[in-house]
Amino acid sequence: MYDNSRILFDRATKVIPGGVNSPVRFFKPFPFFAASSSGSKVTSSDHVTYVDYCMGYGSLLLGHANDEIIEAVKSQLSNGSLYCIPTEKEVILGEMFAKLVPACEMTRIVNSGMEATMNAIRLARAFTRQNKVIKFEGCYHGAQDYTMVNSDTSGNSSPSSSGIPNEFSSETIVLPFNDTVQLEEVIRKRNDISCVILEPVPANMGLVIPDKEYLNFLRKITLEKDIVLIFDEVVTGFRLATGGASEFFGIRPDIVTFSKSVANGFSLASICGSRELLELLSPSGDVYQASTYAGNPVAVTAAIATISALSRGRDQIYPRMTRICDSLTDGIKEVAHERKIPCRINSISSMYQLFFTTRDVRDLASARASDLDMFTMLFRTLLEKGVFIPPSQFETCFLSYAHADEDIDKTIEAYDYAFSLMRPNK
Ligand SMILES: Cc1ncc(COP(=O)(O)O)c(C=O)c1O
């Protein structure tokens, strides 16, 4: 069934480290290789078609190969793919962000989520003239040195990857998510914090739902202490609402970073915020930030087409995705209950994740209580049944506007089959 992928993986390991260009794409014994995709589905080089819940790790909100986006991009391609000179389309995109994103007066376009968060932190440091960064356990902000940080039980930070100097990670304080007491204790006693960065809805420890009061408190205390609040909305931006989590929860951070759903699978990210903050970026200010491919007309065209489609269809698109996601998670809960499989499902809007645990999952520690062997078994069985979810427990499953009721029925059946093979620990 996987012969072509096996051959490709053997070739890949000779020229690509670990055979993949991003580590999360690897799973044992080897990943399937993609050949094409359309709507809610991806087809492998082995000619197997899967219902996709990875969806470019949340990028493909309007589905794979969406006609409107592809047509817009095609029409740009014949006019050139890179000018490195400003274009009207960049202005249009900046105007769209300013109109839709509550905290946004100005936008700097970059290429990836990591670039956006790294520069957002630089901006916050320049603005506050302080260095320390607060981040939360289990929140991911890209493979950059300042946020790839772990914390031990005494609160000491250390790099979470080799190759990062201790001096870098010592500038970052790591706190548990959804814990107001620890947050307040740390913030009140210090005066050297430049920013707090978080995923308002963490999607990189599985899916965790924030307490609304926690987000409100975070906004209140950062305002009191003149700390820059950065919402990393690389996942939630345009997915929870056109104004992202800020609109969804009614909270106005100082800086918001976007990527993924903004351009429906094309490489574009952005740093949005007030004029006062954003004008610190060079050339208007002295915070240096630059990139050859930033604002390239292909990605910008994809972003304009995506945001136009989302704004125009918001009254249908968001309620429909929520309805489909709810019927999927309700169906999975029902079959899990019938099969006596202890589990918890967190879901919001068009995102969900299942944990094999009896405790509520509200931070990294509770996510880690999930039975990872059962998750691996679930992943493999779903794959056999033609359903592709992200291979790690610490990722999130994403639906798109292209997912249909028949995908949901097939997926619930596949979960049911997987549960039927499991013997839960008593
Ligand atoms: C919340 C969040 N921030 C930042 C990033 C980094 O984005 P990129 O992979 O485009 O660098 C990711 C990637 O998954 C993410 O989920």
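Thresholds applied
Residues numbered from 1 in each chain as written. Predicted model: local features only at pLDDT ≥ 70, side-chain atom pairs only at ≥ 80, totals over all residues. Heavy atoms only, no water. Near = heavy atom within 4 Å. Polar contact = N/O pair within 3.5 Å; in protein donor to acceptor, adjacent residues only side chain to side chain. Areas by Shrake-Rupley, 256 points an atom, 1.4 Å probe, with all protein chains shown as cover. Buried < 20%, exposed > 50% of the residue type's maximum accessible area, 1.4 Å probe, protein only. Helix = DSSP H or I, 4+ residues; strand = E, 2+ residues; numbered from the N terminus. Pairing = 2+ DSSP bridges. Contact = heavy atoms within 4.5 Å. Axes fitted to C-alpha atoms, helices over the stretch in contact; angles between N-to-C directions.

Visitor: I tried to follow the site of the ligand on my own but got confused; where do I start?
Guide: Near the ligand the following residues occur: S112, G113, M114, Y140, H141, G142, E199, N204, D232, V234, V235 and K260. In the model, a nitrogen atom of the ligand is placed 3.3 Å from a nitrogen or oxygen of the Y140 main chain. D232 is positioned such that a nitrogen or oxygen atom in its side chain is 2.7 Å from a nitrogen atom of the ligand. When the ligand sits alone it has 390 Å² of accessible area, and the protein chains cover 80% of it.

Visitor: Explain the pairing of strand β8 (residues 172-175) to me, please; I cannot follow it from the model alone.
Guide: Judged by which residues are buried, β8 turns out to be covered on both faces: T172 and V174 on one side and I173 and L175 on the other are all buried. With four bridges connecting them, strand β5 (residues 132-136) and β8 associate as parallel partners. Pairing of V133 across the sheet is with T172, part of β8.

Visitor: So what exactly am I meant to see when it comes to the sheet that holds strand β16 (residues 397-398) here?
Guide: Within a sheet, neighbouring strands are paired by backbone hydrogen bonds and run either parallel or antiparallel to one another. As summarised here, the arrangement of the three strands in space is β13-β14-β16, forming an open sheet in which the pairing is antiparallel. The sheet is open, and its two edges are formed by β13 (344-348) and β16, each paired on a single side. Set on the sheet, helix α11 (residues 297-338) makes contact with β13 and β14 (351-355); between it and β14 the angle comes to about 15 degrees.

Visitor: Even after reading the chapter, I still don't get the environment of I134, so can you show me in this structure?
Guide: Along the polypeptide, I134 turns up in strand β5. A sequence separation of 62 residues divides I134 from V196, and the C-alpha atoms of the two residues are 4.6 Å apart. For I134, the contacting residues outside a window of four places in its chain are I173, L175, V186, I187, I193, C195, V196 and I197.

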